[in-house]
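For reference, the chains in residue letters:
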Amino acid sequence: MSELIGNLSMYFEHSFVRYALIAGVLIALCSSLLGVTLVLKRFSFIGDGLSHVAFGAMAIAAVLNVTNNMLLILPITVASAILLLAGGKNRKIKGDAAIAMISVGSLAIGYLLMNLFSSSSNISGDVCTTLFGSTSILTLSSLDVWLCVILSVVVVAVFIIFYNKIFAVTFDEDFARATGVNAGAYNFLIAVIIAVIIVLAMNLVGSLLISALVIFPALSAMRVFKNFRAVTICSAVFSVFCAVTGILIAILGGTPVGSTIVGVDIVGFIIFYLIGLVKNR
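Residues numbered from 1 in each chain as written. Predicted model: local features only at pLDDT ≥ 70, side-chain atom pairs only at ≥ 80, totals over all residues. Heavy atoms only, no water.

K.L.:
Honestly, the overall build of the protein in this entry has me stumped. Any pointers?
P.N.:
Counting secondary structure elements, the protein contains 13 helices and 0 strands. Evaluated residue by residue, the protein yields a buried proportion of 46% over its 281 residues. Pairs at least 24 apart in sequence give 76% of the contacts found in the protein among residues at least 6 apart. With an accessible surface of roughly 13,800 Å², the protein has 69% of that area assigned to carbon and sulfur atoms. (Helix = DSSP H or I, 4+ residues; strand = E, 2+ residues; numbered from the N terminus. Buried < 20%, exposed > 50% of the residue type's maximum accessible area, 1.4 Å probe, protein only. Contact = heavy atoms within 4.5 Å. Areas by Shrake-Rupley, 256 points an atom, 1.4 Å probe, with all protein chains shown as cover.)

K.L.:
In this structure, what is going on with the environment of glycine 263? I would like to understand it.
P.N.:
For glycine 263, the location among the structural elements is in helix α13 (residues 257-280). When the C-alpha atoms of glycine 263 and cysteine 242 are compared, they prove to be 8.9 Å apart, with 21 residues separating the residues in sequence.

K.L.:
Even after reading the chapter, I still don't get helix α7 (residues 142-161), so can you show me in this structure?
P.N.:
Given 3.6 residues to a turn, an α-helix orients residues that are three or four positions apart in the same direction. With 20 residues, α7 should cover 28 Å at 1.5 Å per step; its first-to-last C-alpha distance of 28 Å lies within 8% of that length. Residues of α7 that are buried: Val145, Cys148, Leu151, Ser152, Val155, Val158 and Phe159. Down the axis of α7, the buried side of the element spans an arc of 160°, and every buried residue falls inside it. In α7, those exposed residues whose orientation departs by more than 90 degrees from the buried face are Leu143, Trp146, Ile150, Val153, Ile160 and Ile161. (Expected span 1.5 Å × (residues − 1). Arc of directions from axis to C-beta.)

K.L.:
It is not clear to me how the packing of helix α2 (residues 15-40) against α7 should be interpreted in this structure. Could you clarify?
P.N.:
A pair of packed helices is characterised by two quantities: the angle between their axes and the separation of those axes. One way to put it is that α2 packs onto α7 with a least axis distance of 10 Å and a crossing angle of 25°. One way to sum up the angle between α2 and α7 is to call them roughly parallel. Here the hand of the crossing between α2 and α7 comes out left-handed. Where α2 abuts α7, its residues Tyr19, Ile22, Ala23, Leu26, Ile27, Leu29, Cys30, Leu33 and Leu34 lie against Ser142, Val145, Cys148, Val149, Ser152, Val155, Val156 and Phe159. (Axes fitted to C-alpha atoms, helices over the stretch in contact; angles between N-to-C directions. Parallel < 35°, antiparallel > 145°, perpendicular 65-115°, else oblique. Left-handed = near helix turned anticlockwise from the far one by under 90°.)

K.L.:
Could you clarify how one ought to interpret the environment of serine 239 in this entry?
P.N.:
As for its position among the elements, serine 239 is in helix α12 (residues 228-253). On the accessibility criterion, serine 239 (2% relative accessible area) is buried. Expressed as a C-alpha distance, the spacing of serine 239 and aspartate 265, which sit 26 residues apart in the sequence, is 7.6 Å. Contacts of serine 239, omitting those with residues within four sequence positions, involve Ala28, Leu29, Ser32, Leu213 and Pro217.

K.L.:
So what exactly am I meant to see when it comes to the packing of aromatic side chains here?
P.N.:
Think of a pair of aromatic rings as described by two things: how far the centres are apart, and how the planes are tilted against each other in angle. The full count for this structure, using the stated rule, is 8 aromatic pairs. Considering the side-chain rings of tyrosine 163 and phenylalanine 228, the 5.8 Å spacing of their centres and the 45° angle between planes classify their relative orientation as tilted. Of the two residues, tyrosine 163 is situated in helix α8 (residues 163-171) and phenylalanine 228 in helix α12; the sequence distance between them amounts to 65 residues. Summarising the burial analysis for this pair, tyrosine 163 and phenylalanine 228 share the class buried. (Phe/Tyr/Trp six-rings, centres within 6.5 Å; stacked < 30°, edge-to-face > 60°.)

K.L.:
Before we go on, may I ask you to explain the packing of helix α11 (residues 210-224) against α13 in this structure?
P.N.:
Where α11 meets α13, the closest approach of the two axes is 7 Å, and the angle between their N-to-C directions is 15°. One finds that α11 runs roughly parallel with respect to α13. Relative to α13, α11 is oriented so that their crossing is left-handed. Contact residues: α11 offers Ala212, Leu213, Phe216, Leu219, Ser220, Ala221, Arg223 and Val224, while α13 offers Ile261, Val262, Asp265, Ile266, Gly268, Phe269, Phe272, Tyr273, Ile275, Gly276 and Lys279. Its residues placed into classes, the contact of α11 with α13 shows 13 nonpolar, 3 polar and 3 charged. (Nonpolar A, V, L, I, M, F, W, Y, C, P; charged D, E, K, R; others polar.)

K.L.:
What am I meant to see in the side chain of threonine 260 here?
P.N.:
One can find threonine 260 in helix α13. The exposure class of threonine 260 is buried, given its relative accessible area of 13%. Discounting residues that sit within four places of it in the chain, threonine 260 has contacts with Gly246, Ile249, Ala250 and Thr255.

K.L.:
Looking at this model, I keep getting lost on the confidence of the model for the protein. Mind explaining?
P.N.:
For residues with low pLDDT, the predicted coordinates do not support detailed interpretation. For the protein, the average pLDDT comes to 77, and 78% of its residues sit at 70 or higher. The spread of mean pLDDT over the elements of the protein runs between helix α6 (residues 123-132), the lowest at 57, and α13, the highest at 88. (pLDDT = per-residue confidence, 0-100.)

K.L.:
Sorry if this is basic, but what is going on with α8 here?
P.N.:
Taken together, the buried positions of α8 are occupied by Tyr163, Ile166, Val169 and Thr170. For α8, the buried positions fall inside an angular range of 130° around the axis, keeping them on one side.

K.L.:
What exactly am I supposed to notice about the side chain of aspartate 265 here?
P.N.:
Inspection of the secondary structure assignment puts aspartate 265 in helix α13. Despite its burial, aspartate 265 remains without a salt bridge, the nearest opposite charge being carried by arginine 223 at 13 Å. Dropping the residues within four chain positions of it, aspartate 265 is found in contact with Ala212, Leu213, Phe216, Phe238 and Cys242. (Lys, Arg positive; Asp, Glu negative; His and termini not counted. Salt bridge = Lys/Arg side-chain N within 4 Å of Asp/Glu carboxyl O.)

K.L.:
Hey, could you run me through the state of the cysteines in this one?
P.N.:
What we call a disulfide is simply a covalent bond connecting the sulfur atoms of a pair of cysteines. Taken as a whole and assessed by the stated rule, the structure comprises 0 disulfides. Sulfur of cysteine 30: no disulfide; nearest cysteine sulfur belongs to cysteine 148 and is 7.2 Å away. On the basis of relative accessible area, cysteine 30 is assigned to the buried category, the value being 1%. (Disulfide = S-S within 2.5 Å.)

Listed below in structure tokens is the structure:
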């Protein structure tokens, strides 16, 4: 145990480890807040679709040599989120079909562009890092961390301020409209927040594993709690704990950060599932 603590102390002397933990905690917290809403609205898979859109946007930014790719990735992802949430009710193209179309299309176009126009000598490595977040969380600069802090504060503040409205739109959109709530505006707000979270989470777990950050904490909390507020709080605590544990295990064990975090999420879900079974009995 003393050797483990000594190793952790040695690692914490490096700024990249501190940056990774700060960003990981903030991203996990933001992901868990909207995860409950997405699960209840049957839009759990939207995180996966938007992550592929962000991958395609990142490929375009790389081809255009955009210095700050966030300036391109964020608007494209926000526009796609609005399109998916607003167009999901279109009778011609249902929500799941729209997500599948945009998801597969963006992923294919992004990979095609990276192969055709990339100047990198290790395209496979770049793609693997982007998809699975194997090293990106450990290469954050101070500017990246500050941007993550600012966006995370905005996301949490918006969620807290509009908590009651988001709650109403989540459970019964028609009733919310009947009581005077502008459901369309709050769906738009949810779409924007989701897009911001997806862009932030790409640095943590990569574009293919983002759905885990959104879904596992919410589903785990729902195994034990039934109250919306209790589920949200438990989901946030669960997500932050799993992110910190996963990052520390990855640093000490030399495993991929994103996959390790998702592995911890899976173990946590199994534990909560068993607790739920005992509680229900």
